[in-house]
Amino acid sequence: MFKKILVANRSEIAVRIIQACRELGIKTVAVYSEADAQALHVRLADEHLCIGPADAALSYRNIPNILSAAEITGAEAVHPGYGFLAENAHFAEVCQSVGIKFIGPTSENIAMMGDKAKAREIITKQGIPVLPGSQGVISEEKEALEAAKRIGYPVIIKATAGGGGRGMRVVTQEEDFLSAFQTAQAEAKTAFGDSGVYLEKYFLEPRHIEVQILADEKGRTVYLGERDCSIQRRHQKLIEESPSAAVGDALRREIGLVAVAVGRSVNYCNVGTVEFLLDKDQRFYFMEMNTRIQVEHPVTEMVTGIDLIKEQIKIAAGLPLDFRQNDIKVRGHSFECRINAECPDTFTPSPGTISNFRPPGGPGVRVDSAVMCDSVVPPYYDSLIAKLIVHAENRDGAVARMRRALDEFVIEGIKTTIPLHKRIFDDPVFQKGRISTGYLEKFLSSEQARVSG
Amino acid sequence: MNIKELKELIELIQKGQIAELELEKSGVRVRIKRDRTPAVPVPLTEEAPAASTIPVEAPLPHGASPPSTVPAGWLTLTAPVVGTFYRAPAPDSDPYVEIGSPVKKGQILCVIEAMKLMNEIESEWEGKIVEILVENAQPVEYGAPLFRIEPLAPT
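Small disclaimer: the values here were computed from a predicted structure and weren't measured.

Take the overall build of chain A next. From N to C terminus, chain A includes 15 helices and 20 strands. Relative to the compact-globule value of 22 Å for 453 residues, chain A shows a C-alpha radius of gyration of 22 Å, a close match. Taken over 453 residues, chain A has a buried fraction of 47%. Across chain A, contacts joining residues at least 24 apart in sequence account for 65% of those joining residues at least 6 apart.

Here it is in structure tokens:
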């Protein structure tokens, strides 16, 4: 087992990793940028080292400084957390070449799954359904029409330079395709300066369902249930839950085994998440694979009782998994709310000093955070300041618990998304579990209409 | 020495006529100097506080120098990379500079070794080395103060 691990990250995930190391009796080294000198992860670690200025490129993504910090402190392993260098295949490779263990999958795993086109190719070869789409941008009308036929209507035409739901057009039948295609190209050119468009199969009210897998270095791979991450705004997740209200035992087992097969097909090691789109008819399609620990990992921990960060460390230390698939049970229901330092109505960032911080407690409540009273939330990094996680015996119980916990949670001095989370958990549609990836945009615009109407 | 005692000392200095105070108690040495701006005392070494689980000021590893007030005009060259500080290009060579050495802008003052790569650290100013704050073969973090230089022309 490692004696010392360097945590190459910041904020709540750095604290989380330090927690796991502490419980395993492993010494920790925190690295920080000049903007994070007073941060909690720096205070909690056994040692700390400044690795650069506020700019993440010069600090949290500064490979030479991070590896040098590991060298001079004698750290045997590095945990990259999520974001920053977590899915940087080059970093994983350099760690290996200098004899420092990268706590995560291999650089080959990362490179392979990071190449979306290549990943889809591998998955298709396994006979696993992949999200149907064009292989990149199509500019020729004839080619586009053929691709749309192949994908199957309805299709959505998306601007490659677009985002935020702009430059998209849904086509339900073939006869409408060409004019929609031409209009979409023209719109894209005007809005984004790039007329490039691509095609994807369009789903009505799909759900984002992801499966957590764990694999040790001997290749023993298990799945730990699924997470429903459909509550998203502009592809940013806001609320996650496990299990999904749309997934029954049979489907859980089916996509779980598919996720394991995906992992095995690339000799995957350590933690990973396989993302699927689930349509209204319970058909699922592979979207992509995330080769890192994810922000929303706590909901899986709550329902399975398995500490994913500790498992990451144990796997990296060469230990075999000490449980089998049959030992893994999903019990109860868990939600996670991402509390961001943002204005809950406009979503503009709200950095600043926290004047009051009182997290909720009581049964089934967990808060993963790196802030406290007098903490300064810097403007340089992402706005996530806390994750509020609840667990209860079933989904209704978990909804009630989250509503109670959100009411108790006090954060003053900056704006946060807590009011928005409260409104969502008060919504009968959400409470009934009738969610899809379109839910939040619809919810926000109907609120907007109510306010202005 | 705990935070309460340090706070009391600071108040003493701020209220009274004392300009500078150095105190050693149970393995902790504290120097507080009153200048144009109030200085923040940093213990050079500190036993891990038993009671509190979150130390307000954890000791910097490898004995990095505390930020004491610097005489007006002196400039501080800080480490631009993380690594091991060496005063000479090779173990049997002479050090690049000594205290009192005149230096020019761009002149190499030391190397910081990071992952087997030797980073030559250059002086940003023309002047004279007045303090060397790090020992040979000492690990340094980003921003660690290395040299104090008295510049040639007043800044």
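So that's the structure; there's more coming.
Now for the overall build of chain B. A tally of helices and strands in chain B yields 1 helix and 10 strands. Walking chain B from its N terminus toward its C terminus, one meets helices and strands in the order α-β-β-β-β-β-β-β-β-β-β. By residue count, 21% of the 155 residues in chain B fall in the buried class. A separation of at least 24 residues holds for 55% of the contacts in chain B among residues at least 6 apart in sequence.

Here we take up the interface of chain B and chain A. Contact residues are listed per partner, giving 14 residues for chain B and 18 residues for chain A. Here the side of chain B that touches chain A is built from residues that sort into 10 nonpolar, 3 polar and 1 charged.

By size, the foremost hydrophobic cluster in this structure holds 150 residues, and its most contacted members are A:Leu6, A:Val7, A:Val31 and A:Ala69. Not counting residues up to four positions away in its chain, the partners in contact with A:Val7 are A:Ala14, A:Ile17, A:Ile18, A:Thr28, A:Val29, A:Ala30, A:His41, A:Ala45 and A:His79.

All names here are of chain A. Strand order across the open sheet formed by 8 strands is E13-E12-E9-E10-E11-E14-E19-E17, with antiparallel pairing between neighbours. Every other strand in the sheet has two partners, leaving strand E13 (284-290) and strand E17 (365-369) as the edge strands with one partner each. On average, each strand axis in the sheet is inclined to that of its neighbour by 25°, with strand direction left out of account. Where strand E9 (residues 207-215) lies against strand E10 (residues 221-233), 6 bridges are found, and the strand directions are antiparallel. Bridge pairing links Ala 215 to Thr 221 in E10.

Looking now at the sheet that holds strand E6 (residues 108-114) of chain B. A sheet is described by the order of its strands in space; here 4 strands give the open sequence E7-E6-E4-E9 (chain B), paired in antiparallel fashion. Either end of the sheet is taken by a strand with one partner, and the two such strands are strand E7 (117-122) and strand E9 (138-140) of chain B. Adjacent strand axes in the sheet meet at a mean angle of 40°, parallel and antiparallel pairs treated alike. Judged from the 3 bridges that link them, strand E4 (residues 83-86) of chain B and E6(B) form a sheet pairing that is antiparallel. Following the sheet pairing, B:Thr84 is matched in E6(B) by B:Glu113. Strand contacts of helix H3 (residues 63-73) of chain A: E4, E6 and E9 of chain B, with the helix running at about 75° to E4(B), the strand carrying the most contacts.

With that out of the way, let us pick up the packing of helix H12 (residues 395-408) of chain A against helix H13 (residues 418-426) of chain A. Residues and elements named next belong to chain A. Across the interface, H12 lies against H13 with an axial gap of 10 Å and an inter-helix angle of 150°. Here H13 runs roughly antiparallel to H12, going by the angle between their axes. For H12 against H13, the interelement crossing comes out left-handed. Residues Val 399, Met 402, Arg 403 and Leu 406 of H12 form the contact with H13, whose participating residues are Ile 418, His 421, Lys 422 and Phe 425. Classifying every residue of the contact of H12 with H13 gives 5 nonpolar, 1 polar and 2 charged.

A word on helix H10 (residues 297-304) of chain A. For H10(A), the buried fraction is high: 8 of the 8 residues fall into the buried class. Positive phi appears at A:Gly305, one or two residues downstream of H10(A), with a value of about 75°.

For the rest of this paragraph, the subject is the domain arrangement of chain A. Here the domain parsing of chain A yields domain 1 (4-103), domain 2 (141-201) and domain 3 (207-452). Domain 2 of chain A and domain 3 of chain A are separated by 32 Å when their C-alpha centres are compared.

Here H12(A) is 14 residues long and its end C-alpha atoms lie 20 Å apart, about the 20 Å a rise of 1.5 Å per residue gives. In the core, the buried residues of H12(A) are packed alongside strand E14 (333-340), E17, strand E19 (384-392), H13 and helix H14 (428-431) of chain A.

This brings us to the environment of A:Thr437. With respect to the helices and strands, the residue A:Thr437 is situated in the loop between H14 and helix H15 (439-452). Residues in contact with A:Thr437, not counting those within four places in the same chain, are A:Pro206, A:Arg207, A:His208, A:Ser230 and A:Gln232.

On to the pairing of strand E2 (residues 27-33) of chain A. Residue and element names in this part refer to chain A. Burial analysis of E2 places 6 of its 7 residues in the buried class, the great majority of the element. Pairing geometry for strand E1 (residues 4-7) and E2, over 4 bridges, is parallel. Within the sheet, the bridge partner assigned to Val 7 lies in E2 and is Ala 30. After leaving E1, the chain enters helix H1 (residues 11-23) and then returns to the sheet as E2, a path that is right-handed.

The next point concerns the environment of B:Glu122. Residues and elements named next belong to chain B. Relative to the helices and strands, Glu 122 is located in strand E7. Residue classification places Glu 122 among the partly exposed residues on the basis of 15 C-beta atoms within 10 Å. C-alpha separation for the pair Glu 122 and Val 111, spaced 11 residues apart in sequence, amounts to 8.9 Å. In this structure Glu 122 touches Gly 106, Gln 107, Ile 108 and Leu 109, once residues within four positions along its chain are discounted.

Calculation rules
Residues numbered from 1 in each chain as written. Chains lettered and ligands numbered in written order. Predicted model: local features only at pLDDT ≥ 70, side-chain atom pairs only at ≥ 80, totals over all residues. Helix = DSSP H or I, 4+ residues; strand = E, 2+ residues; numbered from the N terminus. Rg over C-alpha atoms; globule rule 2.2 N^0.38 Å. Buried ≥ 20, exposed ≤ 12 C-beta atoms within 10 Å, placed from the backbone. Contact = placed C-beta atoms within 7 Å. Nonpolar A, V, L, I, M, F, W, Y, C, P; charged D, E, K, R; others polar. Core = buried A, V, L, I, M, F, W, Y, C linked by C-beta atoms within 7 Å. Pairing = 2+ DSSP bridges. Axes fitted to C-alpha atoms, helices over the stretch in contact; angles between N-to-C directions. Parallel < 35°, antiparallel > 145°, perpendicular 65-115°, else oblique. Left-handed = near helix turned anticlockwise from the far one by under 90°. Domains from an automatic or database assignment. Expected span 1.5 Å × (residues − 1). Right-handed = clockwise from strand over helix to strand, strands pointing away.

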